[in-house]
Amino acid sequence: MTEPVLSLTQHIPALLVLVPLLASAIIPFSPARLRRAGGTVALLANAAALALASALAVETFRLGRVTYNFGGWAPPWGIEYAVDPLAAIMLLLVAFVSFAAAVYSRAAAGAEIAHEKLPYYHSAGLLLVSGLSGMIITGDVFNLYVFLEIASLAGYALIAAGRRRDALVASFNYLILGTIAATFILLGIGYLYMASGTLNIADLRERLPHIYHTKTVLTAFAFLMVGFSIKTALFPLHIWLPDAYTYAPSPASALLAAAGTKVGVYAMLRVTYTVFRPEFNASVVPMKTILLVLSSAAIIYGAVMAIAQKDIKRMLAWSSVSQIGYIVLGAAIASQYSLTGSLLHMINHALMKAALFMCAGLMLISTGAEKISDLRGAAARMPLTMAAFTAAAVSMTGIPPTLGFMSKWHIALGAVEAGLWAVVPVVLAGSLLTGIYFWKVIEPAYFAAPPEGHIPSGRGQAPDTPAPFWAAAPAAALAGLGVLLGLAAWTPAAGAARAAGELLLK
Amino acid sequence: MSELLSFKPLYAVLASLAAGLLVSVSGRRPRLRESFTLAGAAAKFGIIISMLPAVLAGHSFSTPGLEVFPGMELRLKADALGMVFAAMSSFLWILVSVYSVGYLQKTGEERRTRFFAFFAFTLSAAAGLAFSANLFTAFVFYELITLATYPLVAHKQTKEAMESGRIYLAYLLGTSLTFMLAAILITYNAAGTLDFVPGGIFGELAAGNKVLLGTVFFLFIAGTAKAAIMPLHSWLPAAMVAPAPVSALLHAVAVVKAGVFLVLKVTLHVFGAETLRELGFGGPLAWIASFTIIAASVMALTQDNLKLRLAYSTVSQLSYVVLGAALLSPSALKGAVAQLAAHGFAKITLFLAAGAIYALERRTKVSELDGIGRRMPLTMTAFSLCALSMIGAPPLAGFISKWHIGLGAVEAGRPVFLAVIGASALLNAAYFLPIIYRAFWGRPGADHGAGHGAATESGAAAMMMVVPLVITAAVTLALFFFPGPLLKLAELAAGG
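From a predicted model like this one, the values you see are computed outputs, not experimental measurements.

1. Some words on the overall build of chain A
(1) Moving on: Summing up its helical and strand segments, chain A has 21 helices and two strands in all.
(2) Moving on: The C-alpha radius of gyration of chain A comes to 22 Å, within 12% of the 23 Å expected for a compact globule of 506 residues.
(3) Moving on: Put simply, 79% of the contacts in chain A that link residues at least 6 apart link residues at least 24 apart.

2. What to know about the overall build of chain B
(1) Moving on: Looking only at helices and strands, chain B has 21 helices and five strands in total.
(2) Moving on: Over its C-alpha trace chain B gives a radius of gyration of 21 Å, about what one expects of a compact globule, namely 23 Å for 496 residues.
(3) Moving on: Judged by the C-alpha coordinates and their principal axes, chain B covers about 70 × 55 × 45 Å.
(4) Moving on: The burial tally for chain B puts 61% of its 496 residues in the buried class.

3. Comments concerning the nonpolar core
(1) Moving on: By size, the foremost hydrophobic cluster in this structure holds 417 residues, and its most contacted members are A:Leu91, A:Val97, A:Ala354, A:Ala355, B:Val84 and B:Val322.
(2) Moving on: Those residues in contact with A:Ala355 that sit more than four places away from it in its chain are A:Ala388, A:Ala392, A:Ala475, A:Leu478 and A:Ala479.

4. What to know about the sheet that holds strand E1 (residues 3-5) of chain B
Residues and elements named next belong to chain B.
(1) Moving on: Strands sit in the order E1-E2-E5 across an open sheet of three strands; the sheet is mixed. Since the sheet does not close on itself, it has two edges, and those belong to E1 and strand E5 (77-78), each with one partner.
(2) Moving on: As defined by bridge partners, E1 adjoins strand E2 (residues 60-62) across three bridges and the pair is classed as parallel. Counterpart to Glu3 in the pairing with E2 is Ser60.

5. Let's talk about helix H18 (residues 397-411) of chain B
Residues lying three or four places apart along an α-helix face the same way, a consequence of the helix completing one turn every 3.6 residues.
Residue and element names in this part refer to chain B.
(1) Moving on: Across its 15 residues, H18 extends 22 Å between first and last C-alpha, which sits within 8% of the 21 Å expected from 1.5 Å per residue.
(2) Moving on: All of the buried residues in H18 are Ala397, Gly398, Ile400, Ser401, Lys402, His404, Ile405, Gly406, Gly408 and Ala409.
(3) Moving on: Next to the buried residues of H18 lie helix H14 (306-327), helix H15 (330-361), helix H17 (377-391), helix H19 (416-441) and helix H20 (460-481).

6. Brief notes about the packing of H15(B) against H20(B)
All names here are of chain B.
(1) Moving on: Packing of H15 against H20 leaves a shortest axis separation of 9 Å and a crossing angle of 155°. In terms of their interaxial angle, H15 and H20 are classed as roughly antiparallel. For H15 against H20, the interelement crossing comes out left-handed. Only Ala462, Met465, Val466, Pro468, Leu469, Thr472, Ala473, Val475, Thr476 and Leu479 of H20 make contact with H15, whose side of the interface consists of Ala342, Phe345, Ala346, Ile348, Thr349, Leu352, Ala353, Ala356, Ala359 and Leu360.
(2) Moving on: Tallied by class, the residues present in the contact of H15 with H20 amount to 17 nonpolar, three polar and no charged.

7. Some points on H19(B)
Residues and elements named next belong to chain B.
(1) Moving on: The terminal C-alpha atoms of H19, which comprises 26 residues, lie 37 Å apart, in line with the 38 Å expected from a rise of 1.5 Å per residue.
(2) Moving on: The sharpest bend along H19 reaches about 30° and sits at Phe432, with the proline Pro434 one to four residues further on.
(3) Moving on: What H19 keeps buried is the set Phe417, Val420, Ser424, Leu427, Asn428, Tyr431, Phe432, Ile435, Arg438 and Ala439.
(4) Moving on: On the buried face of H19, the contacting elements are helix H13 (282-301), H14, helix H16 (372-375), H17 and H18.

8. A closer look at the interface of chain B and chain A
(1) Moving on: At the junction of the two partners, chain B supplies 19 residues and chain A supplies 19 residues.
(2) Moving on: Of all elements in the fold, only strand E3 (66-69), helix H5 (135-153) and helix H6 (159-191) of chain B reach the threshold of two or more residues within the side of chain B that touches chain A.
(3) Moving on: Per-class residue counts for the side of chain B that touches chain A are 13 nonpolar, four polar and two charged.

9. Some remarks on the confidence of the model for chain B
(1) Moving on: Here chain B averages 89 in pLDDT, and 97% of its residues register 70 or above.
(2) Moving on: Across the interfaces of the predicted complex, the ipTM metric reaches 0.84, alongside a pTM of 0.89.

10. Focus: unusual backbone geometry
(1) Moving on: The step from A:Pro400 to A:Pro401 runs through a cis peptide bond, and the omega angle for that step is 0°.
(2) Moving on: Its identity is not glycine, yet B:Arg111 carries a phi of approximately 55°, on the positive side.
(3) Moving on: In this structure B:Arg111 comes out as partly exposed when scored by C-beta crowding, with 15 C-beta atoms within 10 Å.
(4) Moving on: Backbone geometry at B:Gln157 places phi at a positive 60°, although glycine is not the residue there.
(5) Moving on: Within the element layout of this structure, B:Gln157 appears in the loop between H5 and H6.
(6) Moving on: Judged by the 16 C-beta atoms lying within 10 Å of it, B:Gln157 is partly exposed.

11. Description of the environment of B:Gln105
(1) Moving on: Following the sequence through the fold, B:Gln105 ends up in helix H3 (residues 80-107).
(2) Moving on: Residues B:Gln105 and B:Ala359 lie 254 residues apart in sequence; the distance between their C-alpha atoms is 9.0 Å.

12. Concerning the packing of helix H7 (residues 166-196) of chain A against helix H9 (residues 215-232) of chain A
What describes two packed helices is the angle between their axes and the distance between those same axes.
Residues and elements named next belong to chain A.
(1) Moving on: At a closest axis distance of 8 Å, the pairing of H7 and H9 adopts a crossing angle of 155°. It follows that H7 is roughly antiparallel to H9 by the angle criterion. Considering how the two elements wind past one another, H7 and H9 form a crossing that is left-handed. Between H7, through Leu177, Ile180, Ala181, Ala182, Phe184, Ile185, Leu187, Gly188, Tyr191, Leu192, Met194 and Ala195, and H9, the contact on the second element is made entirely by Thr216, Val217, Thr219, Ala220, Phe223, Leu224, Val226, Gly227, Phe228, Ile230 and Lys231.
(2) Moving on: When its residues are assigned to classes, the contact of H7 with H9 shows 18 nonpolar, four polar and one charged.

13. Comments concerning the environment of A:Leu52
Residues and elements named next belong to chain A.
(1) Moving on: Mapping Leu52 onto the fold places it in helix H3 (residues 38-63).
(2) Moving on: Classification of Leu52 as buried rests on a count of 26 C-beta atoms within 10 Å.
(3) Moving on: Distance in space between the C-alpha atoms of Leu52 and Val17 is 9.9 Å, their sequence separation being 35 residues.
(4) Moving on: For Leu52, the residues in contact, after removing those within four places along its chain, are Ile12, Leu15, Leu16 and Val19.

14. Considering the environment of A:Pro444
Residue and element names in this part refer to chain A.
(1) Moving on: Locating Pro444 in the fold gives a position in helix H19 (residues 423-447).
(2) Moving on: Residue classification places Pro444 among the buried positions, given that 20 C-beta atoms sit within 10 Å.
(3) Moving on: Separated by 123 residues in sequence, Pro444 and Val321 have C-alpha atoms that sit 24 Å apart.
(4) Moving on: Setting aside residues up to four positions removed in sequence, Pro444 forms contacts with Leu375 and Arg376.

15. Brief notes about the confidence of the model for chain A
Residue and element names in this part refer to chain A.
(1) Moving on: Scored by pLDDT, chain A comes out at a mean of 87, with 96% of its residues at no less than 70.
(2) Moving on: Summarising per-element confidence for chain A, the mean pLDDT is lowest in helix H2 (residues 32-36) (78) and highest in helix H14 (residues 312-333) (93).
(3) Moving on: A low-confidence stretch, residues 1-6 (pLDDT under 50), is modelled with two contacts involving residues beyond four sequence positions or located in other chains.

16. Here we look at the pairing of E3(B)
Looking along a regular strand, one sees the side chains alternate between the two faces of the sheet.
All names here are of chain B.
(1) Moving on: Pairing analysis gives three bridges linking E3 to strand E4 (residues 72-74), with the strands arranged antiparallel. Across the sheet, Leu66 pairs through a bridge with Leu74, a residue of E4.
(2) Moving on: Hairpin remark: E3 followed by E4, antiparallel, with two residues in the connecting loop; positive phi at Gly71, about 85°.

So, how was this worked out
Residues numbered from 1 in each chain as written. Chains lettered and ligands numbered in written order. Predicted model: local features only at pLDDT ≥ 70, side-chain atom pairs only at ≥ 80, totals over all residues. Helix = DSSP H or I, 4+ residues; strand = E, 2+ residues; numbered from the N terminus. Rg over C-alpha atoms; globule rule 2.2 N^0.38 Å. Contact = placed C-beta atoms within 7 Å. Buried ≥ 20, exposed ≤ 12 C-beta atoms within 10 Å, placed from the backbone. Core = buried A, V, L, I, M, F, W, Y, C linked by C-beta atoms within 7 Å. Pairing = 2+ DSSP bridges. Expected span 1.5 Å × (residues − 1). Axes fitted to C-alpha atoms, helices over the stretch in contact; angles between N-to-C directions. Parallel < 35°, antiparallel > 145°, perpendicular 65-115°, else oblique. Left-handed = near helix turned anticlockwise from the far one by under 90°. Nonpolar A, V, L, I, M, F, W, Y, C, P; charged D, E, K, R; others polar. Bend = angle between axes of the 7 residues up to and from the residue. pLDDT = per-residue confidence, 0-100.

Below, the structure written as structure tokens:
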């Protein structure tokens, strides 16, 4: 009805992907002086992306759905970008976390990455954001694959930037598994195209129900699910994750754990709820049972492994395996409550795990701590970092009134409502185990005396340096959001409930 | 019977929260810090007492709700039952604050700022629980009490204190985050609301869903480990490594009282006495409580450590509240509410006395107390009075509550529980009377004869400890002679 004032506003969906992509290309090819300011360029690009994502989210929740034809070509000839409430939430989440990570990286990535590699690190970070945003926004399955590869390649590079040689091995292992996953996904897409003759998601949704039972479509579904399970690190396909998150630089771990795996889950949701319809999972394949079992196992196994860890980042990595279990569990129960809970938990885990990995980085910077045993009495030396860590841990554990409580409440309520009594204890016991592995860090940090003459495992010759303020600020802000959004859960929950409702439409 | 819209319950919560925050930033100036604590305590008590007349007249004070999510809101409401808990704990906070100043000075404990700050935070959460208008709010504050008391339990930061702290968290968070949360989830799914409503929220559901509601009821009981019902009591004896004022907080002011308070709340305002009678869940719970009453008393008999003996005594006495709730007859419920207060005042005196004995004479064992009554006459007189109240002897508060619970057992047609009350009184006498005898008539042995005969209750610090415990003992006495307001509140709470 109303003409947009600026024609640019029409192009927000495209800009959201292009801005980080172009910025990513500019940094390595620019003159030396600008290259040194890579952190600032990345920060500005991420700020722009955050603004664009916010505007797009407002627009999407107002209109219900925003579409954009790339290059002006209408589907099915051109590539369509389609934004529904779920995509809008995810885009905003990715942009927000990336922005926070960019603030941190600009201030403190230099502590873990060699000076000459820094511009390339910032460039790869932007490439990851561009790839992830593209995966979320696209309405075309082949285009989804292309963005997946962009994001994956950036991910391998980010992990390999870690300061230990182990980072290279971790990156290589992830590369092999990631490539297998991408190949599976490509095969799945190929089979879908073979069977239906289209790559557009909306068209696939229309055409597939007639051919649900054909072997081609079933095979395609299997390939897609396994492929995305690897990218999501769903138990038992999580084996690449602990090493990758442990050895990657802390801000990269924050970005990958917060945004990377979430987009994997998002793609899985798109495949199971949008490309295929909910009834496909209900009547054609026993996907619900398989996912319930795997995600329950993930929750418990990931948490038990996290309890057994001595290294801070490795503990956080195993915690991710467990929390991804929660997200998939909520999605698998497939009720309004549980799916809302699943989306809330994506938000909770993204914000909190980003905060926690940043805290791990801050601990390394300010005290040289890499192992949990290095943290004895550390709260006195880094009060802000430990306060942020504790607040984030409380939200991860699901103690009210935090966002983590709200998300687990919805997931568990969905399970009670569906009469899945075996799942309820898993959800609750998982919280307890979460509490235990975080308590193993919090207790010594606050209540133990610092050992005399102890040399922290991550410390070279350098003396203790106070963490830069702009590295601690985003960690504290993210952790604070967990409590704030818990008290005002109304806002995220309303958005999540709407997104969940649309996914569940028959 | 009307509900008044008022922010007073919220102010009661905020008063101690503000005090805690001010304390935590004034660590370098101890006098200022202590005055913040005392000002907070006085303000809180004033706010709560200002609501008492209206509550006694049958009204309640309710704040507007903060809707966190549709169907789930944080809302405070001061009713008769909450009033008993809140008025008692806020009154005791004043006394314990004064006592703590003297105690910490005499024992030379470190980290006093953290101590006073978290003490205030705990009181804030306790008021929140006392005034919670629904299960969600209650759950939030119940967990906050646990988190806020942890630094106090682990205060000494020794290996033993840390171990006890871990047990404390494991029991309290472990049960509430699983059993209680499960119970709340099922309740919400079944009843569609989490509000506390006198008479219960299940209504017609009760008839056909005995198994489901039974599961919910006992999940609630198992989830409320703060009530220290056996076998979930071990955290309480373990926590006695903490300084004496913290034991007072755990045993009388906030923590265990929060547990039995929630049991009463679930009994009266989630299920409703009527519904529970129909469903017949009272019987099994009454037996569990009786077992705890007797078994904990027997365990108390064998303890030589004074604080440990008192801790087992608490486990036993708390189950009187649970027994009263389980009997479900009007008098028994009234007795249960009265016991909440009677035990609070008496047990705090006992713990404060035990702390004074440690701070002034460095004695912790019952076997070292020979002749101590001659050196600390005020302390030991107060101790003796309150020990008699525990036994249930008139003219003390303990008699009032036990009388009503006993009466309730007869009303409910279960006189067998009179035998439990009688047996317990004998056991209580068996572990308390020897202490009194030793204190006043025992001959100090040569090995711990330091300070022979000389009175040690002198000096400002000592008086800061002795005066509060004399006051609480006096209240225990006064509650027998003037039980009117307490019994009126108890009657209102029990739905009379």
